[in-house]
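# What the coordinates show
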Amino acid sequence: MKRTRNPVSVRSGQLEFLNLNTEKWDWRDAYQWLLGLSWPRFAAFVAAIYVLLNLLFAALYTIGGDCVAGMRRGSFLDAFFFSVQTLATVGYGHMYPSNLYGHIVTTLEIMSGLFLLAVITGLIFVRFSRPTARMVFSKSIVIAPLNGRPTLMLRIGNLRQRSMVEAEFRIMFSRDEPLVEGGDFRYFYYLKLQFDRLTPFPAVLTLRHVIDEESPLHGATPRLLETGRAFLVASVVGIDPVIPAAVQTQQDYTWRDIRFGERFVEIYTDNGDGKLTVDYGRLHETEPVDL
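Here's what I pulled together on the structure shown here. (Residues numbered from 1 in each chain as written. Predicted model: local features only at pLDDT ≥ 70, side-chain atom pairs only at ≥ 80, totals over all residues. Heavy atoms only, no water.)

A separate point is the side chain of Asn-158. Among the structural elements, Asn-158 can be located in strand S7 (residues 149-158). Those residues in contact with Asn-158 that sit more than four places away from it in its chain are Arg-134, Met-135, Ser-163, Met-164, Phe-201, Pro-202, Ala-203 and Tyr-280. (Helix = DSSP H or I, 4+ residues; strand = E, 2+ residues; numbered from the N terminus. Contact = heavy atoms within 4.5 Å.)

Attention now moves to the side chain of Glu-177. Within the fold, Glu-177 resides in strand S8 (residues 164-178). A distance of 2.9 Å separates polar atoms of two side chains, one belonging to Glu-177 and the other to Arg-175. Side chain to side chain, Glu-177 and Tyr-189 meet in a polar contact 2.6 Å long. When residues no more than four places from it in sequence are discounted, the contact partners of Glu-177 are Gly-183, Asp-184, Phe-185, Tyr-187 and Tyr-189. (Polar contact = N/O pair within 3.5 Å; in protein donor to acceptor, adjacent residues only side chain to side chain.)

Leu-152, Ile-156, Phe-169 and Ile-171 are the most contacted members of the largest nonpolar core, which has 29 residues in total. Counting residues per element, the ones that place at least two in this core are strand S5 (135-137), strand S6 (141-146), S7, S8, strand S11 (204-210), strand S12 (231-240) and strand S13 (245-254). The element best represented in this core is S8, accounting for five residues. What Ile-171 contacts, discounting residues up to four positions off in sequence, is Leu-152, Leu-154, Tyr-189, Tyr-190, Leu-191, Leu-193, Leu-207, Leu-232, Val-233 and Ala-234. Residues Phe-57, Cys-67, Val-68 and Ala-79 belong to the second largest nonpolar core, which totals 15 residues. (Core = buried A, V, L, I, M, F, W, Y, C linked by side-chain atoms within 4.5 Å. Buried < 20%, exposed > 50% of the residue type's maximum accessible area, 1.4 Å probe, protein only.)

Moving on, we come to the environment of Val-142. Assignment of secondary structure puts Val-142 in strand S6. Accessibility expressed as a relative area gives 0% for Val-142, which makes it buried. For Val-142 and Arg-127, which are 15 residues apart along the polypeptide, the C-alpha to C-alpha distance reads 36 Å. Sequence-distant contacts of Val-142, that is, excluding residues within four places in its chain, are made with Thr-151, Leu-152, Met-153, Arg-259, Glu-262, Arg-263, Phe-264 and Thr-286.

A few words on the packing of aromatic side chains. Under the counting rule described, the total for this entry stands at nine aromatic pairs. Pairing Tyr-61 with Phe-82 gives two aromatic rings, centres 5.0 Å apart and planes at 75°, and the pair type is edge-to-face. Placement of the pair is Tyr-61 in helix H2 (residues 39-63) and Phe-82 in helix H3 (residues 76-87), with a sequence separation of 21 residues. Since its relative accessible area comes to 0%, Tyr-61 is described here as buried. A ring pair is formed by Phe-169 and Phe-195, whose centres lie 6.4 Å apart and whose planes are at 80°; its orientation type is edge-to-face. Of the two residues, Phe-169 is situated in strand S8 and Phe-195 in the loop between strand S9 (184-190) and strand S10 (197-201); the sequence distance between them amounts to 26 residues. Given a relative accessible area of 21%, Phe-195 falls into the partly exposed group. Linked through ring pairs, Trp-39, Phe-42 and Phe-128 together constitute an aromatic cluster. It is Arg-127 that lies over the ring of Phe-42; its NZ or CZ is 4.5 Å from the centre. (Phe/Tyr/Trp six-rings, centres within 6.5 Å; stacked < 30°, edge-to-face > 60°. Lys NZ or Arg CZ within 6 Å of the ring centre and 35° of its normal.)

Printed below as a string of structure tokens:
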């Protein structure tokens, strides 16, 4: 098994992992890599491949001498634009292969163009058809009394103009804890939510975890969370009813994002007749309360 000597960077939210001695990159990983690129980077990659391929075949036509009729001898620019026409199978008629060498090179280029077109078309289709969850998470997590009990709260908003269905919510909490043998060990907990499933998820809701004696956050203070390098990950999994397909998204928070003695402001207004106004512009706003 061949392994890389250089560290491989894997980013997960705010954390970046540098993996050492991993297996070497496999050509089959290119598919996942291409799908993971942003649209501007994907477009730049496709454009670069297109230009490089034309430059390669333009060089082959140039060194072939009089292999293309109508092309000025030694003109790389003519060879390049003839390559563009051939790769797209346009064929304006002004230039065409004039000997066996030219026919062989144009055949190879046409086959390359068909292969490239099929691959790029497939990638674009997958990128457009891939379902995504358009969710917005509050910038911070708050801890404040709710119904007389200290409660951790996190707000999530659905940005789609339709309800997500069968939405499931989770909050994972992790921190360093001392061991009897000495040193620290990373522990992970799933926080018990007052509700973790919602059949219709149309707008904005607040996830709530009561900090009681059984909660891993019982007795937590800003200082203790900082010492334990506390880290939380909130995730949403649901079904987009239009496609329909499962979608998932997540957001992570460090101990710096946890605010004690604050709560989220009210963003719902009852207009009557079964209509509610939701102010997404105040989704992140908090207000101080007494602990």
